[in-house]
Structures are given as structure tokens and as C-alpha cells.
Amino acid sequence: MPPRRHPTVSLSYEERASLPNISPVAAFLLRLISTKHTNLCVSADVTSTTELLQLAEEVGDSICLLKTHADIIQDFGDRTIKGLGDVAKRRKFLVFEDRKFGDIGSTVQKQYTAGPLGIVKWAAITNAHIFPGPAIVTALEQAAKSAIAAYNTRVETEISAGTPQPSSASESDDEDSSPDASDADDDPTAWPAERQGRKPSVVSVSTTISTKTEAISPQPTPRSPDLGTESMEAALERLGPPPFLRALLLLAEMSSEGNLLTGAYTEQCVAIARQHRDFVMGFIAQRSLNVEKGDNFITMTPGVSLPPPGQEGKKMGDGLGQQYNTPRKVVLEMGCDVIIVGRGILNAPDRRRAAERYRKEGWAAYEERIRARR
Ligand code: BMP
């Protein structure tokens, strides 16, 4: 079913970033997309830190987001977090942990902030199902706010006490540290930046959470012939660092055959999102779900692939329930904002080239959508 026409479908990413009712992370992402000319999210479904970091380097210039499944990375730990943070800052993309939370509030708070993954510490974006009820969103929002406030307080305390010293956690961190060995795992204030030995500076501290920012290294790599080195660097410099905040996507629809996320369930998802516009940035869905005046949610769409030559127009799947659509279909026809591509890029002989191919397809579909509806 094509999306009901809503103004956000014909607005540019840049225009939507300035509308009211948008979470700060969503506004930043829309500006990043607009500046980098990419609505591509690569799904990094790999099982080791080395593979993850290599992939991030290969596709980093072509993406706005890297989606992870941290629980399939067998050696996930401080090296993963530090490495990913470094590449993301250098190549300018955000990290989205596809955790798909789905439990009672108290449990998801622990899953989000503690344990071997400590997701809130390193992923700007994560996602959740709403089948446990709306409190899952309240709980995750609360956990994100507490973790960030605790970090800010800690940084401010260290600064007022003098030059901060590396914590015992940072001292003990090394490339071989296993998740179990990390003494910072249960401490939501032990953020990767500190574990990396980055000393907080007065410039990086603010009195409110909303203006706190993470440092971001100014080394963008141009990746598009239509954007010269200077203009890309200058534009990304103007954009500045991402806000030091967290955001959530709700799973409103799925790509897999026979899934139950339909009809009233999907509508309930949108209703819950409207109650949390500062934290819920949008949906995992197969079409734009912006319906009411004031909706400005970002739709991210998995189940995207390009057909092999000669197979155009044929139904695509993976034999395990996954169903694929083309970037053109989801962006131009269904009004989606970000395409999520995994195996279409991961299995390509040249991933960098494949990512560029998907980036161009996704971007062309967006430009056509904007042109067509003006
Ligand atoms: P691929 O493009 O290789 O099929 O990978 C799709 C990715 O998107 C996987 O990581 C999967 O977990 C995720 N995903 C999906 O395929 N469909 C959904 O509805 C939601 C997802 O998160």
C-alpha cells in the first residue's frame, strides 16, 4: 500500500531538519544525510570486531548510519567500541544498534545500560518493539537521560577537581580486554571517550544535556564526484558534531514474510511515538508513517536489495522469510527516508563500490521524489 500523502514526503531532508517536533538526533541525522548526500544505512551483520571495523572503513564514506548487531560479534568489547567510535567520527556517520528491545521497563533499562554490551554508551540510536506496552519507551528514555546526565556530572566533577586522570577502567583497558573483564560494564558513566583516554575539556562541557556534544574529528573523505573536497569538508565542518544524546526507533512494520506488525499494531506504534517526540525519532517500517499534521518521523527501511542483472521486476528474498524491495520502490514510491542494506553490500566482491552503488540509487530515488512532488 503506498503511503498516504503527507507534507514530509515532498520536503527535503534539510527542510525537515528545521521543522518543530523533531528529536535532536533526528535533526542531526537529516542534516548529515543532506550534507553527505547519502540516505544509506549499511547493516553490519558481521561476527568479529576486525570485520566490523574493516567494513566501517570500506563503506563509511557512503553511509549516514552503520547498523550493528553487537550480540553477534564474538569478541565485542572495548576495542570494538573505541574502533567504531573512531571510524564514525572520521568518516561521519552515526551508529545504530539494532537491539530490538522487547521486555518490561525495568529489564530493558538494564539491557540498555549494563551487561557486556552497554549499548547506551556507544550507540546514538537503538530500537524497540512496542508489544510489551508503552512503558518500554518511557523506560528507555529515562535510562538514556540518566546515563547522559551521569556522564555530564562526572565530567564536570573531574574538571572542577583539576585535570582528569585516566580511570582505573581506562588504565586496564587494552585491545585484548574481553567484555567480561571490563570493570566499566555496569557503570553507565564509563563512556567510551573516557575509556579511550580522551580528557574532557572545558569546551566539551555544558550545563545542560541538550547542548553537550561529542568531539568529532574533522577528516571527512570526499566520496562523490559531484562534491569537491573543499565543499564536502566545509559543509561537514559547518554541520559540527552530533548532539550528545540518544534516540529510539520503534519497529512499526517488518520486512519478513508473515510478520504480525500490521494494522492496529502499527498504528499503536505511531501513537506511542507521538507521545515521545524528543526521544522517538522514527520507525523501522516499509512506508512513511507520517499521517497527522506535525508528524515528522524518519522511516528506516530494511529488506532492500538490487536485483541481479536480468532479474529486474522479480520477487526477491533469501529463502528464510526476508523480502526485498529496491531503493527506488521504498524511497520514491513508499516515502521511506533511509534504506538499510546488509547482504546486498556485505556479499559484494567490492563492498566500497557496492555501497556507492546503493548510495547513488537511494539518493536518485529521493531526488526524484522531491522533484515529482514539488
Ligand atoms: P539483509 O539486507 O542482509 O537482509 O539484512 C537486513 C538487516 O535488517 C538485518 O540486520 C535484519 O536484522 C534487519 N531487519 C530486517 O531485515 N527486517 C526488519 O523488519 C527489521 C530489521 O531490523
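See the structure printed just above.
Residues numbered from 1 in each chain as written. Predicted model: local features only at pLDDT ≥ 70, side-chain atom pairs only at ≥ 80, totals over all residues. Heavy atoms only, no water.

Caption draft 1: Broad picture of the site of the ligand. Close to the ligand lie 14 residues, the nearest being Asp-45, Lys-100, Ser-255, Tyr-324 and Arg-343. Taking Lys-67, its side chain carries an N or O atom lying 2.8 Å from an oxygen atom of the ligand. Of the residues assigned to the shell around the ligand, the class counts are 4 nonpolar, 5 polar and 5 charged. (Near = heavy atom within 4 Å. Polar contact = N/O pair within 3.5 Å; in protein donor to acceptor, adjacent residues only side chain to side chain. Nonpolar A, V, L, I, M, F, W, Y, C, P; charged D, E, K, R; others polar.)

Caption draft 2: Broad picture of the sheet that holds strand S3 (residues 94-101). Strand order in the closed barrel formed by 8 strands is S1-S2-S3-S4-S5-S6-S7-S10, and the pairing between neighbours is parallel. Neighbouring strand axes in the sheet, compared pairwise and without regard to direction, differ in orientation by 30° on average. With 2 bridges connecting them, strand S7 (residues 298-301) and strand S10 (residues 338-341) associate as parallel partners. The residue bridging Met-300 from the neighbouring strand is Val-338, located in S10. (Pairing = 2+ DSSP bridges. Helix = DSSP H or I, 4+ residues; strand = E, 2+ residues; numbered from the N terminus. Axes fitted to C-alpha atoms, helices over the stretch in contact; angles between N-to-C directions.)

Caption draft 3: Representation of the pairing of S3 in the model. Counting buried residues in S3 gives 6 out of 8 residues, a clear majority hidden from the surface. As defined by bridge partners, strand S2 (residues 65-68) adjoins S3 across 4 bridges and the pair is classed as parallel. Residue pairing in the sheet places Leu-66 in a bridge with Val-95 of S3. In the sheet, S3 pairs with strand S4 (residues 125-128) via 3 bridges, with the strands oriented parallel. Its bridge partner being in S4, Phe-96 is matched across the sheet by Ile-125. (Buried < 20%, exposed > 50% of the residue type's maximum accessible area, 1.4 Å probe, protein only.)

Caption draft 4: Quick peek at the nonpolar core. Ranked by internal contacts, the top residues of the largest apolar core, which has 106 residues, are Leu-29, Leu-65, Leu-66, Leu-250, Met-281 and Met-300. Looking at this core element by element, the count peaks at 10 residues for helix H7 (residues 135-160). (Core = buried A, V, L, I, M, F, W, Y, C linked by side-chain atoms within 4.5 Å.)

Caption draft 5: Inspection of helix H4 (residues 49-59) at higher detail. Taken residue by residue, H4 has Thr-49, Leu-52, Leu-53, Leu-55, Ala-56, Glu-58 and Val-59 as its buried positions. Contact partners of the buried residues in H4: strand S1 (40-44), S2, helix H5 (78-91), helix H13 (343-346) and helix H14 (351-372). (Contact = heavy atoms within 4.5 Å.)

It is worth stressing that arrangement in space is one thing and function is another; only the former is reported here.
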